Amino acid sequence: MKRGPLARIILAIFFVALVVSPLFIKRMAARREVAKSRLDLQTALERHGFYLQEVSHAAGVNFVHQGPTLDHKLDHIMPEVASMGASVSIVDFDRDGWPDIYVTNSAEGSHNALYRNQHDGTFKDVAPQMGIADVNKPGTGVSMAAVWGDYDNDGYEDLLLVKWGRPELYHNDGGHGFTRVADTGLPAWVNANSAIWLDYDGDGLLDIFIGGYYSEDLDLWHLNNTHIMPESFEYAKNGGRKYLFHNLGNGKFEDITEKMGISSRRWTLATSAADLRGTGRPDLFVANDYGVSELYFNDGRRFREVGEKTGVGFAPKSGMNVAFGDIGNQGKYAIYVSNISEEGVLIQGNNLWVPKEGSAGDELKYENLARDMGVELGGWSFGAQFADLNNDGTLDLYLTNGNVSLDHTRNYWYDFSKVAGGNTAIIGDAKNWPAMEGRSLSGYQQKRVWINDGAGKFVDVAQAVGVTDTYDGRSVTMADLWNRGVLDVVVANQRGPLLIYKNTVAPENKWIEFELIGTNSNRSAIGAQVTVFWNGQRQVQEVSGGSGFCAQNQRALHFGLGKTSQVDKAVIRWPSGKMQTIEKPNVDEIHKVTEPA
Amino acid sequence: MSASAAGPLEVPQWKRFVSLENRYIAPIFITVILLAGHLSFGILESYQKTLLAIAASIGTELILSRFFFGKWPNLASAYITGISVGILIRSPAFWPYAVCSIVSITSKYVLRVKGRHIWNPSNFGISVMLFLAPETLASLSIQWGNYLLPMVVIWVLGSVIIYRLKRFHISGLYVASFLVFAFLRSWLTGGPWQAEIAPITGPMYQLFIFFMITDPRTTVRSKTGQCVTVICVALLEMVLRLHQVVYAPFYALFIVGPSAMLIEMWLDSRRASAAGATVAA
């Protein structure tokens with residue numbers, strides 16, 4: 001070298017500093033972690049504007065999910081291949097004005113539960129009387145998800161139950177019971193986790209989208225062989241087919257999937273629909289495991305896949321969630337997709353797809369701001385929902401996680417990563433996967449409750465506000481369970497209890513809710529948008545027929561308002577296209593709005 | 001990873017360019033792999049990150065070479081390091097790509113013994129980052145579709161090039177050793193042998209085998225020494241794998257590669273001393 005010792009010493013110092021820079025960054029991150037430590041409830045209320053208390057037992061809910069047990073050929077990796085099925089959805093099935101809770105079970109012969117709201121802080125399981133408990137009979141498959149929509153516009157929410165098995169539609173008989181609808185046109189068997197209601201063509205009748213996971217050709221309890229796994233960890237196209245069913249209006253549905261331009265066979269785990277372009281029609285976002293996400297623009301007569309064009313379908317990950325939220329109060333939706341991050345093995349990072357400045361309509365483009373906004377790392381992430389948990393006027397984000405929690409001390413990641421990188425002939429055959437032997441796979445993980453600071457950052461306060469469970473979380477829903485003007489959180493856990501986190505919010509923060517009833521539009525008002533304008537701000541929300549992971553929030557839309565005591569106006573765009581403006585609606589009130597004729 | 005050194009040939013320039021002895025063959029090959037992988041499967045999470053890794057690598061090489069050696073360097077080696085970092089590490093953040101590239105190139109100028117750098121630059125950078133920043137990045141392990149055809153094409157093309165560069169024995173022996181040790185692991189653990197050979201069917205190993213363990217600058221000179229070294233790499237990798245170390249090949253090369261170099265230097269100096277003593281006598 002030409003340079004003398006001094007230059008070399010300086011270079012060596014620079015080199016050492018560079019090498020240890022990751023440790024410095026880690027130390028800085030650890031300091032931030034201190035802010036996440038547990039607080040007493042009053043301090044949490046003062047500091048973050050809310051706290052959550054787990055009250056399931058006090059509320060009379062003692063539901064524990066049972067996981068599926070599939071064909072014995074899969075015994076050696078059963079915890080992994082049968083790691084889903086816990087789901088929860090909110091419905092007011094009896095129209096008493098109080099949200100009820102439906103939760104699925106997934107062992108053969110196990111019962112689902114419908115918790116009727118008793119109006120006194122407690123719930124009672126009425127699923128057996130209502131006829132929607134014993135729905136996991138051997139030979140029919142087991143429940144994976146349930147979504148509610150009034151498909152015949154009779155005023156009562158009907159139940160679509162998807163399974164690894166026979167999809168089932170139950171008609172709500174005036175809130176007094178449910179009858180399984182025969183000859184609906186739905187397929188005889190699918191292995192699906194994802195289903196939503198949407199009115200894709202605006203004809204006032206709710207249609208159905210179902211996204212398959214395992215191939216529908218498989219009866220997972222009677223396998224001919226073990227070739228059931230994805231052909232690739234990131235590029236798999238051998239999953240279940242997708243279904244778009246058009247509601248014919250007579251209790252029958254027509255399969256129009258191919259006609260509408262949907263032909264994917266990716267491994268779908270989550271789907272949701274929202275009008276992303278202001279066309280008045282719902283676009284469809286599909287999050288896939290083992291591959292890229294898909295975004296379908298709804299052109300009215302056809303869906304057009306634009307995932308790569310818009311930027312959301314470029315990097316393959318393990319998509320497990322789709323939630324829409326106007327996180328910046330700008331009148332446009334960001335999309336949250338959960339993935340897997342495991343320190344030292346796989347850092348996919350979750351995606352927060354935010355519309356790029358200046359892009360709109362057909363030229364809509366998204367950029368992933370999960371890292372910038374602080375919602376990127378959430379372990380083996382599953383269900384997530386946006387909700388204004390502290391009524392401060394900005395949407396927060398609740399994320400549950402954890403895949404398989406078994407032996408605390410031993411984990412399966414090494415073997416998992418070994419096979420995941422292998423050739424398709426190896427990864428695609430379950431018998432090539434090493435036995436799990438009681439090992440965990442991203443188990444016992446801490447949940448995330450990210451509060452939105454309104455300035456582009458989210459901060460995790462889960463531990464501080466009382467979310468301390470480490471169950472294998474799957475499905476998250478938001479509901480104002482006791483009509484108090486705050487959003488409570490209900491979480492379904494795989495092989496774990498149903499958790500109800502009761503929310504207590506600083507009373508000075510105001511709120512407003514809208515419960516919509518369609519007339520020309522579908523009666524559930526799925527697809528209706530409400531934009532609330534207050535204090536120079538605006539926030540848009542849309543009634544959803546299913547979002548998150550295997551979940552559905554309460555039908556009513558909830559807006560936090562901060563300390564503002566007046567709303568300028570609320571603008572409702574009904575699925576029929578009709579616009580309605582409500583001037584100066586009262587705050588701290590649930591507004592029941594019927595679509596004008 | 002580093003470009004191979006090639007001796008001067010008494011042939012026209014255009015012929016030298018298309019010959020396999022050309023020092024640009026390795027960069028071209030790795031670029032072809034990258035493009036094929038991306039165009040067929042979209043392997044790059046973002047162009048920006050890969051470009052950042054390449055730019056950081058080349059920029060560091062330019063600055064350090066100019067400053068310490070007073071000359072503009074051939075950039076083939078830095079390009080391969082940058083592109084390897086861009087492919088082999090996976091992180092949602094940008095900074096690991098830049099830091100890893102800079103660490104890799106800087107290691108060539110800092111970690112020197114008797115005028116030679118002893119670590120393969122990208123092996124050093126990637127190993128350090130995987131060890132110190134596991135919460136931020138991981139290594140490529142699951143890309144390129146897991147399908148047979150791209151794998152066969154890369155293996156055949158890579159084998160031909162490595163053969164012409166007279167380093168096929170290193171790659172071939174490593175693969176053979178890996179397979180033997182994979183079956184041994186399967187026998188020891190009772191796990192499926194398919195799971196044990198699975199990693200070598202993935203793209204990370206293709207880059208590892210064709211670019212990292214064959215790097216002329218950081219492998220010992222004698223053919224026997226190269227063979228012993230590569231068997232030791234595979235052996236240590238097996239030991240690490242038995243302890244469930246996910247990035248066993250990187251760490252094995254990180255430990256064995258420089259050790260072999262140091263042993264060779266020590267043996268050389270002993271021989272030189274002995275020769276000097278003989279002459280003196």
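Regarding the overall build of chain B
Okay, step 1: Broken down by element type, chain B carries 12 helices and four strands.
Okay, step 2: Residue pairs at least 24 apart in sequence account for 71% of intrachain contacts in chain B once pairs closer than 6 positions are excluded.

Observations concerning the pairing of strand S28 (residues 448–452) of chain A
Residue and element names in this part refer to chain A.
Okay, step 1: Across the five residues of S28, five count as buried, placing the element largely inside the fold.
Okay, step 2: Side chains Arg448, Trp450 and Asn452 of S28 all project onto a buried face; the interleaved residues Val449 and Ile451 project onto the opposite face, where all are buried too.
Okay, step 3: Here strand S25 (residues 396–401) runs beside S28; their pairing, made up of three bridges, is antiparallel. By the bridge assignment for S28, tyrosine 398 is matched with valine 449.
Okay, step 4: Here S28 runs beside strand S29 (residues 458–460); their pairing, made up of three bridges, is antiparallel. When the sheet's bridge partners are listed, asparagine 452 is paired in S29 with phenylalanine 458.
Okay, step 5: The loop that links S28 with its antiparallel partner S29 comprises five residues; one of these, glycine 454, has a positive phi angle of about 80°.

Notes on the interface of chain A and chain B
Okay, step 1: Taken residue by residue, the interface counts 43 residues in chain A and 45 residues in chain B.
Okay, step 2: Only helix H1 (5–34), strand S21 (346–347), helix H7 (413–420) and helix H8 (424–427) of chain A provide two or more residues apiece to the side of chain A that touches chain B.
Okay, step 3: In terms of residue count, the dominant contributor to the side of chain A that touches chain B is H1(A) (nine residues).
Okay, step 4: Residues belonging to the side of chain A that touches chain B are distributed by class as follows: 22 nonpolar, 10 polar and 11 charged.

Comments concerning the sheet that holds S29(A)
Residues and elements named next belong to chain A.
Okay, step 1: Across the sheet, four strands lie side by side as S24-S25-S28-S29; this open sheet has antiparallel pairing. Both edges of this open sheet fall to strand S24 (381–387) and S29, since each of them pairs with a single strand only. Here the strands of the sheet are splayed against their neighbours by 20° on average, with no regard to which way each runs.

Regarding the nonpolar core
Okay, step 1: Residues A:Leu160, A:Ala195 and A:Val465 are the most contacted members of the largest nonpolar core, which totals 250 residues.
Okay, step 2: Residues in contact with A:Val465, not counting those within four places in the same chain, are A:Ala44, A:His48, A:Phe50, A:Tyr51, A:Leu52 and A:Val449.

Overview of the sheet that holds strand S1 (residues 50–54) of chain A
Pairing between sheet strands relies on hydrogen bonds along the backbone, with the strands arranged either parallel or antiparallel.
All names here are of chain A.
Okay, step 1: Overall, antiparallel pairing links the four strands, which are arranged S1-S32-S31-S30 in an open sheet. The open sheet is flanked by S1 and strand S30 (473–479), the only strands paired with a single partner. In this sheet, adjacent strand axes meet at a mean angle of 25° when their direction is disregarded.
Okay, step 2: Note that S30 and strand S31 (residues 488–493) share six bridges and pair antiparallel. Bridge pairing in S31 places serine 475 opposite alanine 492.

Observations concerning the environment of B:Phe181
Okay, step 1: Secondary-structure assignment places B:Phe181 in helix H8 (residues 168–189).
Okay, step 2: Excluding anything up to four places from it in sequence, B:Phe181 contacts B:Ala234, B:Leu235 and B:Met238.

What about unusual backbone geometry?
Okay, step 1: Here A:Glu437, not a glycine, exhibits a phi torsion of approximately 50°, which is positive.
Okay, step 2: Along the polypeptide, A:Glu437 turns up in the loop between H8 and strand S27 (439–440).
Okay, step 3: In the Ramachandran plot, B:Lys166 falls in the positive-phi region, its phi being about 60° despite a non-glycine side chain.
Okay, step 4: Position of B:Lys166 relative to the elements: it lies in the loop between helix H7 (148–164) and H8.

Considering the packing of helix H5 (residues 95–110) of chain B against helix H6 (residues 121–132) of chain B
Residues and elements named next belong to chain B.
Okay, step 1: Viewed as axis vectors pointing N to C, H5 and H6 meet at an angle of 130°, and their least axial separation amounts to 8 Å. Accordingly, the angle class assigned to the pair H5 and H6 is oblique. Between H5 and H6 lies a crossing of right-handed hand. Taking contact as the criterion, the partners of Pro96, Cys100, Ser101, Val103, Ser104, Ile105, Ser107 and Lys108 in H5 are, on H6, Pro121, Ser122, Phe124, Gly125, Ile126, Val128 and Met129.

Points about the packing of helix H3 (residues 47–69) of chain B against helix H4 (residues 76–88) of chain B
Residues and elements named next belong to chain B.
Okay, step 1: Orientation of H3 relative to H4, taken along the N-to-C sense of each, is 150°, at an axis distance of 8 Å. In terms of their interaxial angle, H3 and H4 are classed as roughly antiparallel. The handedness of the crossing between H3 and H4 comes out as right-handed. Across the interface between the two elements, Lys49, Thr50, Ala53, Ile54, Ala56, Ser57, Ile58 and Glu61 from H3 touch Ala78, Tyr79, Thr81, Gly82, Ile83, Val85 and Gly86 from H4.
Okay, step 2: For the contact of H3 with H4, a count of residues per class yields eight nonpolar, five polar and two charged.

Re the confidence of the model for chain B
Any segment with low pLDDT has predicted coordinates that should not be analysed in fine detail.
Okay, step 1: With 86% of its residues at a pLDDT of 70 or more, chain B has an overall mean of 85.
Okay, step 2: Overall, residues 1–9 of chain B carries pLDDT values under 50, and its contacts beyond four positions in sequence, including any with other chains, amount to 32 contacts.

Examining the pairing of S31(A)
Residues and elements named next belong to chain A.
Okay, step 1: Across the six residues of S31, six count as buried, placing the element largely inside the fold.
Okay, step 2: Judged by which residues are buried, S31 turns out to be covered on both faces: Asp488, Val490 and Ala492 on one side and Val489, Val491 and Asn493 on the other are all buried.
Okay, step 3: Relative to strand S32 (residues 499–505), S31 is paired through three bridges, and the arrangement is antiparallel. Looking across to S32, one finds that valine 489 is bridged to tyrosine 501.
Okay, step 4: If you look at the hairpin formed by S31 and S32, you'll find five residues sitting between the two strands, and arginine 495 has a positive phi there, around 50°.

With respect to H3(B)
Residues and elements named next belong to chain B.
Okay, step 1: Taking 1.5 Å of rise per residue, the 23 residues of H3 would be expected to cover 33 Å, and the 32 Å separating its terminal C-alpha atoms lies within 8% of that figure.
Okay, step 2: Restricting attention to buried positions, one finds in H3 the residues Lys49, Thr50, Leu52, Ala53, Ile54, Ala56, Ser57, Thr60, Glu61 and Leu64.
Okay, step 3: For H3, the elements touching its buried residues are H4 and H5.
Okay, step 4: Positive backbone phi, approximately 70°, marks glycine 70, located one or two places after H3.

Conventions and cut-offs
- Residues numbered from 1 in each chain as written.
- Chains lettered and ligands numbered in written order.
- Predicted model: local features only at pLDDT ≥ 70, side-chain atom pairs only at ≥ 80, totals over all residues.
- Helix = DSSP H or I, 4+ residues; strand = E, 2+ residues; numbered from the N terminus.
- Contact = placed C-beta atoms within 7 Å.
- Buried ≥ 20, exposed ≤ 12 C-beta atoms within 10 Å, placed from the backbone.
- Pairing = 2+ DSSP bridges.
- Nonpolar A, V, L, I, M, F, W, Y, C, P; charged D, E, K, R; others polar.
- Axes fitted to C-alpha atoms, helices over the stretch in contact; angles between N-to-C directions.
- Core = buried A, V, L, I, M, F, W, Y, C linked by C-beta atoms within 7 Å.
- Parallel < 35°, antiparallel > 145°, perpendicular 65-115°, else oblique.
- Left-handed = near helix turned anticlockwise from the far one by under 90°.
- pLDDT = per-residue confidence, 0-100.
- Expected span 1.5 Å × (residues − 1).

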